[in-house]
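Remarks on the overall topology
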Amino acid sequence: MGMIANERAALADSLWAATANPSPERPPLHGEAEADTVVIGGGFTGLSAALHLAEAGKSVVLLEAETPGWGASGRNGGQVNPGLKATPEETEARFGPDLGRRMVAMSGGAGDLVFDLIARHGIQCAASRCGWIRAATTPKALATLQEIGRQWRDRGAVVDALDADEMERLLGTRAYPGGLIDRRGGNLHPLNYALGLAEAAERAGARIHGHSRVSGVQSTDDSVTVSTPEGRVTARAALICTNAYTGGLAAPLGQSVIPVTSVQVATEPLSDKLRRTILPEGHAPSDTRRLLLYFRKDDAGRFVMGGRGALGDGSIGKRQAALREAAVRLYPQLEGVRWRYAWGGDVALTRDHAPGLHLIAPRVMAGLGYNGRGVGMATAMGRVLAEWAQGRPGAELDFPITAARPIPFHRFRRIALGATVAAFRMLDRVGI
């Protein structure tokens, strides 16, 4: 209960929760229900899956332990970052010319999917397709970004290199020697995007129940039954879309990812004069530190700074204070500005930095592990899960189905992660 209480406090202090659109109450599941597909989890993955299934004419019940967008989907930086962590060439070499190319196209097209859903369903989430800027912190990192840009351009994407002067013009700071802009990306209000997906899914016929934490999943050759404290859903297929909040559900699924707390802070609205000097065209950059920084303005002109590396409740406040200091170093004109919001949430990391699509039982599939690129990749994975639930063969999906394998010594993850974070922080400090 303590963890849940702390999570609720983090959400309450969130800029996105404070500026969220009105959303209807979605009561808990009571009694028995039937559906073609039951979706577990009301973040981007589950909401996208439910929407795509409902639009295809399938009956869908979605069960969310809290409310739609409650987890990382409603608390992230709102950056739409296309592509996987691996480069296109790495992906194609690992998975082969057919599947590898389809994975590259699926992940690279994640931004198209997000912005298409927003436009098609009229989702009010302050969406801006201004492009995603990746800011190099070292000359070596800049060379790597330039190579990534070349690979994407070879595949038809509009991804351009930026020199120091162009970075200064777009960011308002001379802190970076260069970077890359991926014009397929952009930014949005993440919680309002999640709420918009939920409303669109409901309009298409999906049934969404909040405060319906799943306690069990039982699968047979013919059906799957998902239980909550007050109800039960019987369906032809179940999709588990719980990401960093999977816990012990469908073990060892939760042990296949490492939950890492990403924290953010935000100012009160900046003056017109001040906001013109910071990200004047509204971009949302992230840099190439090992413990990366990402920053942006919202549509009211508040400055938002985020980063990784908080390991527990005791370190969240310290990390948030460090983010405020980093923001002022980047933009000295923020000195003296009032910081109004501070919050955090867990993202799910995988060992190979790639998402997982895992067959848990004959009629149960899970998708998770977006490594900080969840706005686009979770939305795209939701569509893949919906295709599987409709009977598309696994070999025809645009992502490989694998077994969920526990990360060795998962129970000691905080100890290991603490050592890794400390090492990364030192390397970032010395600029290696």
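This structure is a prediction, so every number in the text was calculated from the model and none was measured.

Here we come to the pattern of salt bridges. Counted under the stated rule, the structure contains 24 salt bridges. Between Glu 168 and Arg 174 there is a salt bridge, with the nearest N and O atoms lying 2.9 Å from each other. Under the relative-accessibility criterion, Glu 168 is labelled partly exposed at 35%. With a closest N to O distance of 2.9 Å, Arg 169 and Glu 281 form a salt bridge. Linking Arg 169 in helix α8 (residues 164-171) with Glu 281 in the loop between α10 (272-275) and β13 (286-287), this pair joins segments that are 112 residues apart in sequence. A single salt-bridge network, built from bridges that share partners, covers Glu 89, Glu 147, Arg 150 and Asp 154.

In contact at an axis separation of 8 Å, helix α3 (residues 44-55) and helix α9 (residues 190-203) are set at 25° when each is read in the N-to-C sense. Taken as axis vectors, α3 and α9 run roughly parallel relative to one another. In the crossing of α3 with α9, the sense of the turn from one axis to the other is left-handed. Between α3, through Phe 44, Leu 47, Ala 50, Leu 51 and Ala 54, and α9, the contact on the second element is made entirely by Pro 190, Tyr 193, Ala 194, Leu 197, Ala 198, Ala 200 and Ala 201.

Once that is clear, we can look at helix α12 (residues 374-389). For α12, spanning 16 residues, the distance from its first C-alpha to its last is 21 Å, which sits close to the expected 22 Å at 1.5 Å a residue. Of the residues one or two after α12, Gly 391 is the one with positive phi, at around 105°.

This paragraph deals with the pairing of strand β17 (residues 356-361). In this structure, β17 lies alongside strand β18 (residues 364-368), joined through 5 bridges in antiparallel fashion. Among the inter-strand pairings, Leu 357 is bridged to a residue of β18, identified as Gly 367. Inspection of the sheet shows β17 paired to strand β19 (residues 401-402) by 2 bridges, in the parallel sense. The residue bridging Leu 357 from the neighbouring strand is Ile 401, located in β19.

Each value, and the rule that gives it
Residues numbered from 1 in each chain as written. Predicted model: local features only at pLDDT ≥ 70, side-chain atom pairs only at ≥ 80, totals over all residues. Heavy atoms only, no water. Salt bridge = Lys/Arg side-chain N within 4 Å of Asp/Glu carboxyl O. Buried < 20%, exposed > 50% of the residue type's maximum accessible area, 1.4 Å probe, protein only. Helix = DSSP H or I, 4+ residues; strand = E, 2+ residues; numbered from the N terminus. Axes fitted to C-alpha atoms, helices over the stretch in contact; angles between N-to-C directions. Parallel < 35°, antiparallel > 145°, perpendicular 65-115°, else oblique. Left-handed = near helix turned anticlockwise from the far one by under 90°. Contact = heavy atoms within 4.5 Å. Expected span 1.5 Å × (residues − 1). Pairing = 2+ DSSP bridges.

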